[in-house]
Amino acid sequence: METKVEPEFQSALTTYTQDHAEPAWSLELRQKMLAQYPTLPLPRYEKIDYQKWDLLNATKPVTTTSNADLTDDLKIDFAASKNLLVEVGKSVMAAQLDPALAAQGVIFTDIFTAMRDYPELVEKYYMKTAVKADNNRLTAFHAAFMNGGAFLYVPKNVAIKDPIQAYYIQDSTRKQDFVPHVLVIAEEGSELTYHENLSTSGTESNLANIVVEVIAKDNAHVHFSAVDQLSGKTTTYLNRHAILATDATVDWAVGFMNDGNVVGDFSTDLRGKGSHTEVKVVAITTGKQVQGIDTKVTNYGQHTIGHILQHGVILEDSTLTFNGVGHIVKGARGSDAQQESRVLMLSTTARGDADPILLIDENDVTAGHAASVGRVDEGQMYYLMSRGISKKVAERLVIRGFLGSVITEIPSKSVRERLTATIERKLENGQKSESDS
Amino acid sequence: MARLEVKDLHVSVTDEDKGVDKEILTGVNLVMNTGEIHAIMGPNGTGKSTLSQAIMGNPAYKVTQGDILLNGESILGMPVDERARKGLFLAMQYPAEIAGVTNVEFMRAAINARRADDDQMPVMEFMKLLDEKQEILDMTDEMSERYLNEGFSGGEKKRNEILQLMMIQPNFAILDEIDSGLDIDALKVVSKGVNAMRGDNFGSLIITHYQRLLNYIVPDTVHVMMGGRIVQSGGPELAEKLEDEGYAGVRDELGLDVKLTDEI
Ligand SMILES: Nc1ncnc2c1ncn2[C@@H]1O[C@H](COP(=O)(O)OP(=O)(O)O)[C@@H](O)[C@H]1O
Ligand SMILES: [Mg+2]
């Protein structure tokens, strides 16, 4: 990977920052990380070989807005959701929040507005605890070039019933990096359901560097789901990271449905005693793409529970790697780390790995793992086909079932249906190149 | 009228442990038409399930000799899904479980697989049909909404097989030990479902170990299978004779050299 900092980037960034009236701390952080990122190490993930990907060749930040009709393909029902944010590139196409929630102090807005209107609140958390800006070369790159995203703040004891929905659409109608940042703060005793959709409009080759930070305070409950559908021309670094305080829960359900190369760093820190996470990941890889997903849960607090479930399907010549890292640190007594990673290979040229890594530094704990790389169950196929269902449809049904763990966790019916349709489309396309035998 | 013929059928399976082929069916002959109910009775391990799987087209069962004809056409070269679309149905002794796929979704896929792309069954029509069949089988919507056979009890699975049978409405249904593991009430329900299918366009091959089922679904013809072939055929009274004399009695009477692993 090539790394370059040119002086012209410094002035472009300054202009960009001023254009959004970002607070002084933001400009300072950007300039610092711009100077620093080329010297920081790239993060390492077991069996994920992404180092040569084009993830650091930054394009100069542009201040021009994106075209609103780029949302058309998604057929977003703007009226269906009370709490909705739609962004194309850095341009906000819709931002709505139930006034009753706003009155309770809930903030849900694009990241630039948040920086302007709540500079201290954003500064307190932004790339400081969950994902530290100088953690590695890619996080520092992100801090320097961040160009979109959202801020969601839920005050103490506020429970949000309706899901919060966000669409982040990469504008690839032109050459432009996609660097959105999502910061979710769930204060003590709060509750929220948040769903995000990542997608691409346009056919340019671009890089994406996405960071999501979730901070769950004592006894906060966060249900986070995401459907990632970036294009085949997008090369992506995707970092989602949560930190949990005492008795907090964060449930993740993420569908990696991207068409391009993706390295996913997906991490949950169970800091507080009794905190609990359920991490569910599904992925489909097709064509020649590579998706490497490093899912990690670290039990720091006592009596913490971390469960990882990863199911993936690999078609054609693609590669899918699931790392499942369960780390129980010394002192995390009474904790539980479990994981299951399963990969189905639908072609003989597909490559897959399901790699469980358990690091246990404490005795009084429970831990377990199951991992498999296999083919579609023949008994299931025979049963479905014995009812007249063709081999390809039967295969798609079995796989849809296999990926069902995440589909059922998506709060919105329309998103569930779209995810199902996406899975169906990917499988159909992938099957076309398979033999009919 | 449709016709299913099994001619001098020899079938082998591969013994996984030894890696050698073992002949299970040693020359089965059978002719049945729609409108008829046939029963096959026989001791455990004699090849009843093998016969049903070979007719359906399970790739694990290799036909080494003979033929299977549906309306005069050999189906040996057809994969299982094609045979199903031609009108065959097998209620399996051990149905597969598939998480994440609901019964409803599965049955719609099965019905629509038989129809042209531009003639898929409308949802309302499907739901109406489903309600009607569920009622006959004392089944609830809740069961149909569940994942395919997942977590179903033995009896629920059998009922679910019959529900599929009634939804798909094939020409020929092979029911492999549909009575095993059923209490008397469930047996009555399952029988009610099968009897509701009876008619000119439906024929069934009922495989059972016990005569009891045949009190509820009265067959036209009963076949006794031993040592991988049919050794005797007759009317319903043959089932009663078997019940009285046991398979050993029939074997001895016919002077067969077959080892029985169990007796009724
Ligand atoms: N898939 C198979 N693989 C290996 N052996 C089999 C298989 N299916 C059946 N057999 C063997 O074939 C014989 C007949 O079995 P089966 O047809 O199930 O008998 P039945 O249904 O009459 O009890 C048994 O010895 C059984 O072990
Ligand atoms: Mg059997």
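The structure under discussion appears in the preceding block.
I will try to describe carefully the structure that is included in this document. (Residues numbered from 1 in each chain as written. Chains lettered and ligands numbered in written order. Predicted model: local features only at pLDDT ≥ 70, side-chain atom pairs only at ≥ 80, totals over all residues. Heavy atoms only, no water.)

Some points on the environment of Ala35 of chain A
Residues and elements named next belong to chain A.
Line of reasoning, step 1. Positionally, Ala35 belongs in helix H2 (residues 24–36).
Line of reasoning, step 2. Overall, the relative accessible area of 52% leaves Ala35 in the exposed class.
Line of reasoning, step 3. Between the C-alpha atoms of Ala35 and Glu340, which are 305 residues apart in sequence, the distance is 41 Å. (Helix = DSSP H or I, 4+ residues; strand = E, 2+ residues; numbered from the N terminus. Buried < 20%, exposed > 50% of the residue type's maximum accessible area, 1.4 Å probe, protein only.)

Some words on the pairing of strand E10 (residues 203–208) of chain B
All names here are of chain B.
Line of reasoning, step 1. Extensive coverage of E10 is indicated by the burial of six of its six residues.
Line of reasoning, step 2. Where burial is concerned, the two faces of E10 agree: the one with Gly203, Leu205 and Ile207 and the one with Ser204, Ile206 and Thr208 are both buried.
Line of reasoning, step 3. Pairing between strand E3 (residues 37–41) and E10: five bridges, direction parallel. Following the sheet pairing, Ala39 is matched in E10 by Ile206.
Line of reasoning, step 4. Where strand E9 (residues 172–176) lies against E10, five bridges are found, and the strand directions are parallel. In the strand pairing of E10, Phe172 is matched with Gly203.
Line of reasoning, step 5. Viewed along the sheet, the connection from E9 through helix H7 (residues 184–197) into E10 turns out right-handed. (Pairing = 2+ DSSP bridges. Right-handed = clockwise from strand over helix to strand, strands pointing away.)

Here we look at unusual backbone geometry
Most peptide bonds take the trans form, and the phi angle of most residues other than glycine is negative.
Line of reasoning, step 1. Positive phi is not limited to glycine here, since Asp247 of chain A has a value of about 55°.
Line of reasoning, step 2. Locating Asp247 of chain A in the fold gives a position in the loop between strand E10 (234–244) and strand E11 (249–256).
Line of reasoning, step 3. Accessibility expressed as a relative area gives 40% for Asp247 of chain A, which makes it partly exposed.
Line of reasoning, step 4. Even without being a glycine, Asn71 of chain B presents a positive backbone phi close to 50°.
Line of reasoning, step 5. By secondary structure assignment, the location of Asn71 of chain B is in the loop between strand E4 (62–70) and strand E5 (73–74).

Quick look at the coordination of the magnesium ion (ligand 2)
Line of reasoning, step 1. Those protein atoms acting as donors to the magnesium ion (ligand 2) are Ser49 of chain B (OG) and Gln93 of chain B (OE1), and they sit at 2.1 to 2.5 Å. Highlighted residues: Ser49 of chain B in helix H1 (residues 48–56) and Gln93 of chain B in the loop between strand E6 (88–91) and strand E7 (98–102), separated in sequence by 44 residues. (Donors = N, O, S within 2.8 Å, 3.2 Å for Na, K, Ca; no water.)

Topic: the interface of chain A and chain B
Line of reasoning, step 1. Contact residues are listed per partner, giving 17 residues for chain A and 33 residues for chain B.
Line of reasoning, step 2. Buried area between chain A and chain B, summed over both chains or domains, comes out near 1,800 Å², and the portion from carbon and sulfur atoms is 65%.
Line of reasoning, step 3. When the area that chain A buries against chain B is broken down by residue, the three leading residues are Tyr382, Tyr383 and Arg387 of chain A, summing to 44%.
Line of reasoning, step 4. The interface formed by chain A and chain B includes two salt bridges.
Line of reasoning, step 5. Residue Arg387 of chain A pairs with Glu161 of chain B through a salt bridge whose shortest N-O separation is 2.6 Å.
Line of reasoning, step 6. Inspection of the region where chain A meets chain B yields eleven residue pairs in polar contact (both at pLDDT 80 or more).
Line of reasoning, step 7. For the side of chain A that touches chain B, the elements supplying multiple residues, two or more each, are helix H7 (378–385) and helix H8 (391–402) of chain A. (Contact = heavy atoms within 4.5 Å. Buried area = accessible area lost by both parts, 1.4 Å probe. Salt bridge = Lys/Arg side-chain N within 4 Å of Asp/Glu carboxyl O. Polar contact = N/O pair within 3.5 Å; in protein donor to acceptor, adjacent residues only side chain to side chain.)

Quick word on the packing of helix H1 (residues 7–19) of chain A against H2 of chain A
Residue and element names in this part refer to chain A.
Line of reasoning, step 1. The interhelical angle for the contact between H1 and H2, taken along N-to-C directions, is 160°, at an axis separation of 10 Å. On the basis of the axis angle, H1 is roughly antiparallel to H2. The hand of the H1/H2 crossing is right-handed. Along the contact surface, H1 presents Phe9, Gln10, Leu13, Thr14, Tyr16 and Thr17, while H2 presents Leu27, Arg30, Gln31 and Leu34.
Line of reasoning, step 2. When its residues are assigned to classes, the contact of H1 with H2 shows five nonpolar, four polar and one charged. (Axes fitted to C-alpha atoms, helices over the stretch in contact; angles between N-to-C directions. Parallel < 35°, antiparallel > 145°, perpendicular 65-115°, else oblique. Left-handed = near helix turned anticlockwise from the far one by under 90°. Nonpolar A, V, L, I, M, F, W, Y, C, P; charged D, E, K, R; others polar.)

As for the pairing of E9 of chain B
Residue and element names in this part refer to chain B.
Line of reasoning, step 1. Here E9 lies mainly inside the structure; five of its five residues are buried.
Line of reasoning, step 2. Covered by surrounding structure in E9 are Phe172, Ile174 and Asp176 together with Ala173 and Leu175, the residues of both alternating faces.
Line of reasoning, step 3. Note: E6 against E9, four bridges, orientation parallel. Across the sheet, residue Ala91 finds its bridge partner in E9, namely Leu175.

Focus: a negative patch on the surface
Residue and element names in this part refer to chain B.
Line of reasoning, step 1. Where like charges cluster on the molecular surface, the negative patch consists of Asp131, Glu135, Asp138, Asp141 and Glu145.
Line of reasoning, step 2. Counting only elements with at least two residues in the negative patch, the list comes to helix H4 (123–136) and helix H5 (141–145).
Line of reasoning, step 3. Residue placement: Asp141 occurs in helix H5.
Line of reasoning, step 4. Accessibility expressed as a relative area gives 45% for Asp141, which makes it partly exposed. (Patch = residues over 30% accessible without salt bridge, like charges linked within 9 Å, V, L, I, M, F, W, Y side chains within 5 Å. Areas by Shrake-Rupley, 256 points an atom, 1.4 Å probe, with all protein chains shown as cover. Lys, Arg positive; Asp, Glu negative; His and termini not counted. Charge placed at Lys NZ, Arg CZ, Asp CG, Glu CD.)

Note that all results are geometric; they support no functional claim without further evidence.
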